[in-house]
Amino acid sequence: MVSAAAAGQVTTARPDVALHAAVHAFYARQIHLLDHGDVDGFAATFTADGRFFHHPNGRLEPGRDNIATAMRGFLARAAAAGVVRHHWFGMFQIDPGADGTIVVTYYSLVSHTDAERKVTLEPTGVVQDVLVEVDGVLLNSSRTVKPDTLRLR
Amino acid sequence: MVSAAAAGQVTTARPDVALHAAVHAFYARQIHLLDHGDVDGFAATFTADGRFFHHPNGRLEPGRDNIATAMRGFLARAAAAGVVRHHWFGMFQIDPGADGTIVVTYYSLVSHTDAERKVTLEPTGVVQDVLVEVDGVLLNSSRTVKPDTLRLR
Amino acid sequence: MVSAAAAGQVTTARPDVALHAAVHAFYARQIHLLDHGDVDGFAATFTADGRFFHHPNGRLEPGRDNIATAMRGFLARAAAAGVVRHHWFGMFQIDPGADGTIVVTYYSLVSHTDAERKVTLEPTGVVQDVLVEVDGVLLNSSRTVKPDTLRLR
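We now turn to the structure provided with this report.

Criteria and cut-off values
- Chains are numbered independently. Their residues run from 1 in the order of the written sequence.
- Chain labels run from A onward and ligand labels from 1 onward, assigned in the order the entries are written.
- In keeping with the model being predicted, local features are shown solely for residues with a pLDDT of at least 70 and side-chain atom pairs are shown and tallied solely at 80 or more, while totals for entire chains, interfaces and linings include all residues.
- Excluded from the side-chain calculation are hydrogens and water; included are all heavy atoms of the structure.
- Put simply, DSSP H or I for four residues or longer makes a helix, DSSP E for two residues or longer makes a strand, and each gets a number counted from the N terminus.
- In this analysis, two residues are considered to be in contact whenever any of their non-hydrogen atoms come within 4.5 Å of each other.
- Buried area is understood as the total, over both parts, of accessible area removed when two parts are fitted together, assessed with a 1.4 Å probe.
- Salt bridge, as used here, is a side-chain nitrogen of Lys or Arg placed within 4 Å of a carboxyl oxygen of Asp or Glu.
- Polar contact is defined as a pair of N or O atoms within 3.5 Å, subject to the rule that within protein one atom must be able to donate a hydrogen and the other to accept it, and that residues adjacent in sequence are counted only when both atoms are side-chain atoms.
- Gly counts as polar in this scheme, as do all residues outside two lists: the nonpolar Ala, Val, Leu, Ile, Met, Phe, Trp, Tyr, Cys and Pro, and the charged Asp, Glu, Lys and Arg.
- Only Phe, Tyr and Trp rings are paired, with Trp represented by its six-membered ring, and only when their centres lie within 6.5 Å; those with planes under 30 degrees apart are stacked, over 60 edge-to-face, the remainder tilted.
- Working definition: with a 1.4 Å probe on protein chains only, accessible area under 20% of the residue-type maximum means buried, over 50% means exposed, and in between means partly exposed.
- Charge-over-ring contacts are defined here by two conditions on Lys NZ or Arg CZ: a distance within 6 Å of the ring centre and an angle within 35 degrees of the ring normal.
- For this overlay, a least-squares fit was computed on C-alpha atoms, restricted to residues scoring pLDDT of at least 70 in both copies.
- A helix's residues, less one, multiplied by 1.5 Å, set its expected span.
- Starting at the helix axis, one direction is taken to each C-beta atom, and the arc is that of these directions.
- Each axis is a line fitted through C-alpha atoms, and for a helix only the stretch in contact is used; angles between axes span 0 to 180 degrees, taken between their N-to-C directions.
- An angle below 35 degrees is read as roughly parallel, one above 145 as roughly antiparallel, one from 65 to 115 as roughly perpendicular, and any other as oblique.
- Handedness of each helix crossing follows the sense of rotation of the near helix against the far helix: counterclockwise by less than a right angle gives left-handed, clockwise gives right-handed.
- By this definition, two strands are paired if DSSP reports at least two bridges between them.

### Comments concerning the overall build of chain A
- A tally of helices and strands in chain A yields three helices and seven strands.
- Secondary structure elements in chain A, listed N-terminal to C-terminal, are α-α-β-β-α-β-β-β-β-β.
- If one aligns the C-alpha atoms of chain A with their principal axes, the spans along those axes are about 50 × 40 × 30 Å.
- In chain A, the share of contacts with a sequence separation of at least 24, taken over all contacts with a separation of at least 6, comes to 47%.

Put into structure tokens, the structure is as follows:
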């Protein structure tokens, strides 16, 4: 028999409403920066030693400059393909850790719109970030992207 | 003439921010459980007598075990089709009722990603849930799924 | 070198949680009204002199009646096409202004589901709204819709 105790339950008693609002604001701002081509602004939402892992492509060397460089290449390929890309992050599962870090696990959908008005979607994926608060500012300490196609091999 | 009074207005005076954050957290957690194959965890987000209606397929017998069994079959068919599915719930309209229940009406989009990186979408739908708070925990008392294709007949 | 100061940073110190919850509730309610054909209800979420700009189609004359009329034509064309449409607004960037207005910049995705269960997507876009609070109620003072296809010319 399935009991409630088995589930990852959501308590309503004291949800951290400030963290909820801050996390949603963080992702909206971060992804607007990327989708509008501000790779330096995007990189600056990471910590100075921020890490970025993309399965199975591998992990970047830590740091904002490496993240900015990788994103610049990424955006150049999209521009060459003649599409406007948007990242749709959603279903944010927010897990505050005992050490003050915040683990956020969410879904990622990326749309491509071309000049002929056709819209296609990149393979979906699940992203897991570790966020930290530095001087009252949320920053991305690490990002791990797992495309769903890896689950089909 | 259209007046403001005609609308379902949103007052800013005292929004229930705790409920807002809890409802969003509830759906993120619930749908991660389902999409990652934890049907028992998913079923446990329902009350012990939880009900699940899917138009026009019909209604399940109440209870977590029946919900878990139905979802297991559902996921097995997706696995047989060789796709990774994700549920994207969004545009949550949260209506607290006088009796302490919470009615949540939202949109549902389901993506399929296959091994060839192709992404397709299931017909969209509107879902209406009744949530209840049991010992400080949000649980799904009932779910009613209405695929949009029903509106086209 | 990319520094954190360059970014649009999100501070966690005092996020406006009431505004966050109210804005999300506002869009859910507004878009349910439109997608379910209540154009007068939709128009009533705008101020009496509400403005609606759609690039490159042009701007409507101000006011709820003009917005309702435009939306009625919009929905009639969708109905004639035999599809159910849903608006998926997301990645809300909320910027309170010094003058009490609230600027919300977000992504828009519109799905079409037809009777054969096929789902297609309209070209994505970015929308920028100015919201105001009138007697404790959030209203849309102006909406500016920029389809992404404009960025490809």
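After that view of the structure, there is still more to cover.
### A closer look at the interface of chain B and chain A
- In this complex, chain B contributes 42 residues to the contact, which on the side of chain A involves 37 residues.
- With both chains or domains summed, chain B and chain A bury close to 3300 Å², and 68% of this area falls on carbon and sulfur atoms.
- Among the residues chain B hides against chain A, the three largest losses belong to Arg 29, His 32 and Trp 88 of chain B. Together they make up 21% of the total.
- In this structure, the connection of chain B to chain A is made through one salt bridge.
- For Arg 29 of chain B, the salt bridge goes to Asp 95 of chain A, with nearest N and O atoms at 3.0 Å.
- Remark: the boundary between chain B and chain A carries eight residue pairs in polar contact (both at pLDDT 80 or more).
- Broken down by secondary-structure element, the contributors of at least two residues to the side of chain B that touches chain A are α1 (17-35), α2 (39-43), α3 (64-80), β3 (83-96), β4 (102-114), β5 (119-121) and β7 (137-147) of chain B.
- Tallying contributions element by element places α1 of chain B first for the side of chain B that touches chain A, with 15 residues.
- When the residues that make up the side of chain B that touches chain A are grouped by side-chain class, the tally is 22 nonpolar, twelve polar and eight charged.

### Re the packing of aromatic side chains
- The final tally for this structure, using the stated rule, is 27 aromatic pairs over all chains.
- Ring centres 6.1 Å apart and planes at 40° place the aromatic pair Phe 46 of chain B and Phe 52 of chain B in the tilted group.
- Exposure remark for Phe 52 of chain B: the relative accessible area of 10% places this residue in the buried category.
- Judged by centre distance (5.2 Å) and plane angle (45°), the rings of Phe 92 of chain B and Tyr 106 of chain B are tilted. With Phe 92 of chain B in strand β3 and Tyr 106 of chain B in strand β4, this residue pair connects regions lying 14 residues apart in the sequence. One exposure class covers both Phe 92 of chain B and Tyr 106 of chain B, and it is buried.
- Over the ring of Phe 53 of chain A we find Arg 59 of chain A, and its NZ or CZ is 3.9 Å from the ring centre.

### Examining the relation of the copies chain B and chain A
- In the superposition of chain B on chain A (RMSD 0.0 Å, axial shift 0.0 Å), the rotation amounts to 120°. Viewed as a symmetry operation, the transformation between the two copies matches a three-fold axis. It is Val 17 of chain B whose C-alpha, among those of chain B, lies nearest the rotation axis, at 3.8 Å.
- Counting the interface residues of chain B, we find that no more than 12% of their copies in chain A are interface residues as well, pointing to two distinct contact surfaces.

### Topic: α1 of chain B
All names here are of chain B.
- Taking 1.5 Å per residue, 19 residues should reach 27 Å; α1 reaches 27 Å between its end C-alpha atoms and fits that length.
- With 16 of 19 residues buried, α1 is to be regarded as a mostly interior element.
- Just past α1, the residue Gly 37 takes up positive phi, approximately 85°.

### Here's the deal with the interface of chain C and chain B
- On the side of chain B, 36 residues touch chain C, which itself brings 42 residues to the contact.
- Contact with chain B buries area across many residues of chain C, yet Arg 29, His 32 and Trp 88 of chain C alone supply 21% of it, more than any other trio.
- The tally of links from chain C across to chain B stands at one salt bridge.
- The tally of links from chain C across to chain B stands at eight residue pairs in polar contact (both at pLDDT 80 or more).
- Elements represented by at least two residues in the side of chain C that touches chain B include exactly α1 (17-35), α2 (39-43), α3 (64-80), β3 (83-96), β4 (102-114), β5 (119-121) and β7 (137-147) of chain C.

### Quick word on the pattern of salt bridges
- Under the defined criterion, the tally for this structure stands at 15 salt bridges over all chains.
- Of the charged contacts in the structure, one is a salt bridge between Asp 148 of chain B and Arg 151 of chain B, with a shortest N-O distance of 3.7 Å.
- Among the residues examined, Arg 151 of chain B registers a relative accessible area of 42% and is labelled partly exposed.
- The salt bridge partner of Arg 85 of chain C is Glu 122 of chain C, with a shortest N-O separation of 3.1 Å. With Arg 85 of chain C in strand β3 and Glu 122 of chain C in the loop between β5 and β6 (125-134), this residue pair connects regions lying 37 residues apart in the sequence.
- Taking the relative accessible area as the measure of exposure, Arg 85 of chain C reaches 8% and is therefore buried.

### Regarding α3 of chain B
Residues and elements named next belong to chain B.
- Helix length check: α3 (17 residues) gives 24 Å between terminal C-alpha atoms against 24 Å at 1.5 Å per residue, within 8%.
- Looking only at α3, the buried set comprises Arg 64, Ile 67, Ala 68, Met 71 and Ala 78. On an axial view of α3, the arc spanned by its buried residues comes to 95°, and they lie on one face. In α3, the exposed positions angled more than 90 degrees off the buried face are occupied by Thr 69, Arg 77 and Ala 80.
- Summarising the contacts, the buried residues of α3 are in contact with α1, α2, β1 (46-54), β3 and β7.
- Downstream of α3 by one or two residues, Gly 82 has phi in the positive range, about 75°.

### Quick notes on the packing of helix α1 (residues 17-35) of chain A against α1 of chain B
- It is the contact of α1 of chain A with α1 of chain B, at a shortest axis distance of 9 Å, that shows an interaxial angle of 60°. Taken as axis vectors, α1 of chain A and α1 of chain B run oblique relative to one another. Relative to α1 of chain B, the crossing made by α1 of chain A is left-handed. Mapping the contact onto sequence places Val 17, His 20 and His 24 of chain A in α1 of chain A and Val 17, Ala 18, His 20, Ala 21 and His 24 of chain B in α1 of chain B.

### Things to note about the pairing of β3 of chain C
Residue and element names in this part refer to chain C.
- Among the 14 residues that make up β3, twelve are buried, leaving the element largely enclosed by the rest of the structure.
- By the bridge criterion, twelve bridges tie β3 to β4 in an arrangement that is antiparallel. Bridge assignment links Trp 88 to a residue of β4, and that residue is Leu 109.
- Taken together, β3 and the strand that follows it, β4, pair antiparallel across an intervening segment of five residues, in which Gly 100 is found at a positive phi of about 90°.

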